[in-house]
Amino acid sequence: MDMRTRPLNLMTVTELEAFGKELDGIRERALADLGDRDARYIREMVRLQKQAEIAGRLLIHLGRSPLTWGAGVVSLSVSKILENMEIGHNVMHGQYDWMNDPSLQSQSYEWDTACDAESWRRTHNYEHHTYTNILGKDRDYGYAILRLSEEEEWKPRHLLQFGNYVLLSVFFQWGVALHELEFDKLRDGSVTLKEKIPFLKRFARKGLKQFGKDYLLFPALAGPGALKVAAGNGLANLGRNLWASTIIFCGHFTEDAQVFTEAECEGESRAQWYYRQMLGSSNFTGGQWLHTLSGHLSYQIEHHLFPDVPAHRYPEMSVEVQAVCEKYNIPYNTGSFGHQYLTVLKRVLRSSLPPEDHPLRKRIPFLRRN
Amino acid sequence: MTSQSIPLQPLLRAATRSDTLDFVLSAISPQFSLKRHMARLLAIREECPGTHTLLLQPGARWGGFIAGQHVGITVDVNGVRYRRTYSLSCSPQYYERYGHITLTIKSVADGRVSPRLAEVLQVGSYLEISAASGEFVWQEDKQVYTERTLMLAAGSGITPIRSLLDELCESRPQQDVVLLVYVRHAGERIFKQWLESLPSQFSHLRLEIRYTDQEGEITPENLLAACPDLSERELFVCGPQGFMDKVRQYTLDHGAQVAQIHQESFGSRPQRVVSSGPATVSFQKSGKSIRSTDGKTLLELAELAGLSPKYGCRSGICHECKCQRGSGSLIHAVTGQPIPDEQQQVQACIVIPDGDVTINSL
Ligand SMILES: Cc1cc2nc3c(=O)[nH]c(=O)nc-3n(C[C@H](O)[C@H](O)[C@H](O)COP(=O)(O)OP(=O)(O)OC[C@H]3O[C@@H](n4cnc5c(N)ncnc54)[C@H](O)[C@@H]3O)c2cc1C
Ligand code: FES
């Protein structure tokens, strides 16, 4: 299938309205049922995460053999993944605000990553979730670094974008932290550095705090073992970065995930917004551990339809969502984790090449074959 | 590095603020928490149908209380966290002796917390309590009135009165006390045995229990008949708002001074303002206010009032517009459903004020 935008509204107005009502219904039923089960789930996750963090740091600090050190790194990395994905990301969406628990409030939560929570809430909760996959409006689309659709103009620098993709994954937390800087807009002059000073201050404050914790404070506490600790913390961060990046790329950049133009989405209704979220997102299947460690972003479609409903409910909601998809003949993009990720890699690679009609295609024999 | 050059103070301060440290300490014992006072629930006793006494053991760091004060407790009911205030129904001496405190809680019809307490609280579990506070206490400095006392309690309003009297009986059992207790009927009598034992503990105590189902509500006449010298006494009144308002009116009419009257209000059923015409939205932080009109959302009203609140999608997706409600009713603009009262953080872009509303954070 090609990656072009496809006409958005294939349903009649009445169909679209009924479709929107069905999704509203799924949402309302889930919200009406919120209670002890959800509270227990998220508190259990917090407990697990804290235990993994403590175990990880202790093993890294006190472990005598490479094996215990390695176990510590894995444990700390898992703790960071849980904190960022299943707890932080979901809490900041307001999924648990109804609990009135001050430690789980969306607007005051601060997470264990370089990205300042305030900045995240603006760029992710608002921009990405409102304008999902709209070219030029959703800045998460390729992070202004990667070309991921033939709708975007090809430039020679895209030839090397696979390298950029790997770099972005390795330094993912810093990429996300700097997202609000809008580097692309700074470059073309549509925003000035001066306008970005408040953001840069916040970025520096949070970035230094995170850096200080993992590479100064904890190593210093280890005395002669400082290097071992700094290296362990670095590896744990790397593990989290690669994991988060991979999961997130599987959510919107699989082969069949669609993109949209601004004009298409103008004045869109709630039902149309739902429709766009469905076409622009993709799920993957796997065991419970995979869902938990992905913060249930394995149910990216449900997450985009119901971003403020507790994520652990997505599996049960997806049954109803799939039924709606079938009824209205809307594709439901899912597949195994491995398969979905392969299509992401293919898409990154394929979009790095110039379009069919580009003169370069004819000149370079290797490209002609494609 | 010498020990002097290590910045111990800031490190310690940071440590006490650390969630992870608190997690470890709480795992050893909830009462080791540095951030919260956790009390162990030792027993739940039924005083009468619908009223229960909780026997609690606060941790060593909890600061104690003065007779007549109250504490806040934090309870989760079906996943939602509520904070409710309850008067201590024991004396400080009791706490000193046994290390325990008691709270006596009456179920309020259709209440979200009080009717469910006995069911959601597990004996042996821990409950977060706040430090004690409150002004409904013996006024030691105003010697003039402390010679004679009149106490009026209605319903669950007996709780702080019990604390005050238990203390008094240890320190000044010769004090002249008149205690008037109002309950609907005998089945709703709280602290039955305690009430029966009181007269034997004081040399000058007069106790009257009035059953309002038979004898009717309090009137100026029966109040004066029960205590003719009320204007010469220090008054402690606790009960439903309507009861306290009446007592205040009658005693002031009979020559009591405002300074003589001490009241503790447990809150009351709020009069829900049915929106007849435009109501006012007040923004506490900025001091601005605006009349709400034709179904405008809170976000639009705040902007009309000249504020520039944070927002993102303006359609309920992103939660960027969350603001803190002080009081008042709100309805959801899309579903038309009321926003539950306990929900303080609300999405300004999708709620519409229903009557007067105050917003704290704008
Ligand atoms: C200083 C102070 C001391 C208190 N001490 C005690 C005490 O010792 N024992 C005790 O049982 N309660 C006491 N209360 C009342 C208690 O804090 C709660 O308000 C009460 O338990 C109702 O909570 P709820 O969640 O069940 O009801 P909610 O769900 O909060 O309210 C349900 C309905 O009942 C109304 N309502 C709330 N409180 C009352 C009330 N007190 N009387 C009548 N209607 C009410 C509400 O307006 C609402 O309409 C005290 C309150 C204060 C402020
Ligand atoms: S502005 Fe996005 S939820 Fe209100």
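Residues numbered from 1 in each chain as written. Chains lettered and ligands numbered in written order. Predicted model: local features only at pLDDT ≥ 70, side-chain atom pairs only at ≥ 80, totals over all residues. Heavy atoms only, no water.

Per the secondary structure count, chain A includes 17 helices and zero strands. In terms of overall size, chain A behaves like a compact globule, its C-alpha atoms giving a radius of gyration of 22 Å where 370 residues would be expected to give roughly 21 Å. The dimensions of chain A, computed from C-alpha atoms along their principal axes, are 65 × 60 × 40 Å. For chain A, the residues scored as buried account for 56% of the 370 residues in total. For chain A, restricting intrachain contacts to residue pairs at least 6 apart in sequence, the fraction spanning at least 24 positions comes to 70%. Counting 44 positive and 45 negative side-chain charges, chain A places the averaged centre of each group 7 Å from the other. (Helix = DSSP H or I, 4+ residues; strand = E, 2+ residues; numbered from the N terminus. Rg over C-alpha atoms; globule rule 2.2 N^0.38 Å. Buried < 20%, exposed > 50% of the residue type's maximum accessible area, 1.4 Å probe, protein only. Contact = heavy atoms within 4.5 Å. Lys, Arg positive; Asp, Glu negative; His and termini not counted. Charge placed at Lys NZ, Arg CZ, Asp CG, Glu CD.)

We now examine the packing of aromatic side chains. Tallied over the full model, the rule gives 26 aromatic pairs over all chains. Summarising the aromatic geometry, the rings of Tyr 143 of chain A and Phe 172 of chain A are spaced 6.1 Å apart at their centres and angled 80° between planes, so their arrangement reads as edge-to-face. Here Phe 172 of chain A lies in helix α6 (residues 172-177) and Tyr 143 of chain A lies in the loop between α4 (117-130) and α5 (161-170), a separation of 29 residues in the sequence. The same class applies to Tyr 143 of chain A as to Phe 172 of chain A, namely buried. With 6.2 Å between their ring centres and 45° between their planes, Phe 65 of chain B and Tyr 95 of chain B make a pair best called tilted. Of this pair, Phe 65 of chain B sits in the loop between β2 (51-57) and β3 (70-77) while Tyr 95 of chain B is found in helix α3 (residues 92-98), placing the two residues 30 residues apart along the sequence. (Phe/Tyr/Trp six-rings, centres within 6.5 Å; stacked < 30°, edge-to-face > 60°.)

Before going further, it helps to spend a moment on the pairing of β3 of chain B. Residues and elements named next belong to chain B. The buried fraction of β3 amounts to seven of the eight residues, a majority that puts the element mostly inside the structure. Here β3 pairs with strand β4 (residues 80-87) via eight bridges, running antiparallel. Residue pairing in the sheet places Thr 74 in a bridge with Arg 83 of β4. The loop that links β3 with its antiparallel partner β4 comprises two residues; one of these, Asn 78, has a positive phi angle of about 45°. By the bridge criterion, two bridges tie β3 to strand β6 (residues 126-129) in an arrangement that is antiparallel. By the bridge assignment, Thr 74 is partnered in β6 with Glu 128. (Pairing = 2+ DSSP bridges.)

The next thing to look at is the domain arrangement of chain B. All names here are of chain B. As far as domains go, chain B holds domain 1 (36-129), domain 2 (148-265) and domain 3 (279-359). The centre of domain 1, based on its C-alpha atoms, is set 24 Å off from the matching centre of domain 2. At the interface, 19 residues of domain 1 touch 16 residues of domain 2. Summed over both partners, the interface of domain 1 with domain 2 comes to about 1400 Å²; 52% of that surface belongs to carbon and sulfur atoms. Across the salt bridge formed by Glu 170 and Arg 97, the nearest N and O atoms sit 2.8 Å from each other. In this structure, the connection of domain 1 to domain 2 is made through five residue pairs in polar contact (both at pLDDT 80 or more). At the level of secondary structure, the elements contributing two or more residues to the side of domain 1 that touches domain 2 comprise β1 (37-48), β2, α3 and β5 (101-106). (Domains from an automatic or database assignment. Buried area = accessible area lost by both parts, 1.4 Å probe. Salt bridge = Lys/Arg side-chain N within 4 Å of Asp/Glu carboxyl O. Polar contact = N/O pair within 3.5 Å; in protein donor to acceptor, adjacent residues only side chain to side chain.)

Roughly 1400 Å³ of volume is contained in the second largest pocket. Around the second largest pocket, the lining is made up of 50 residues, and of these Arg 27 and Leu 31 of chain A together with His 332, Gln 347 and Ile 350 of chain B lie nearest the centre. Residue assignment for the lining of the second largest pocket shows that the elements contributing at least two residues are α1 (13-32), α10 (262-265) and α11 (270-280) of chain A together with β4, β14 (322-332) and β15 (345-347) of chain B. Broken down by element, the lining of the second largest pocket gets its largest block of residues, five residues, from α1 of chain A. Taken domain by domain, the makeup of the lining of the second largest pocket includes at least three residues from each of domain 1 (36-129) and domain 3 (279-359) of chain B. (1 Å grid on protein atoms, 1.4 Å probe; cavity = no way out; pocket = protein on both sides within 12 Å on 5 of 7 lines; lining within 4 Å. Points joined across faces, edges and corners; volume = space filled by probe spheres on them.)

In this section: empty space enclosed by the protein. Residue and element names in this part refer to chain A. Scanning the model with the defined rule gives three cavities of 30 Å³ or more in all. If you go around the largest cavity, you meet 27 residues; those closest to its centre are Trp 111, Trp 120, Phe 172, Val 176 and Ile 248. Broken down by secondary-structure element, the contributors of at least two residues to the lining of the largest cavity are α3 (66-92), α4, α6, α9 (226-252) and α13 (300-305). When its residues are assigned to classes, the lining of the largest cavity shows eleven nonpolar, 14 polar and two charged. What the second largest cavity holds in volume is close to 40 Å³. When residues of the lining of the second largest cavity are traced back to their parent elements, those giving at least two are α6, α8 (197-221) and α9. If one sorts the elements of the lining of the second largest cavity by residue count, α8 sits on top with four residues. (Nonpolar A, V, L, I, M, F, W, Y, C, P; charged D, E, K, R; others polar.)

Turning our eyes to something else, we now look at the sheet that holds β1 of chain B. All names here are of chain B. Taken in spatial order, the six strands make up an open sheet running β4-β3-β6-β1-β2-β5, and their pairing is antiparallel. Edge positions in the sheet fall to β4 and β5, since each has one partner strand and no second. Averaged over all pairs of adjacent strands, the angle between strand axes in this sheet comes to 40°, irrespective of strand direction. (Axes fitted to C-alpha atoms, helices over the stretch in contact; angles between N-to-C directions.)

For the rest of this paragraph, the subject is helix α14 (residues 314-327) of chain A. All names here are of chain A. End to end, α14 covers 19 Å across 14 residues, agreeing with the expected 20 Å (1.5 Å per residue, within 8%). Those residues of α14 that sit buried are Tyr 314, Met 317, Ser 318, Val 321, Val 324 and Cys 325. Where the residues of α14 are buried, they touch α1, α11 and α13. At the C-terminal side of α14, Asn 329 shows a positive phi close to 55°. (Expected span 1.5 Å × (residues − 1).)

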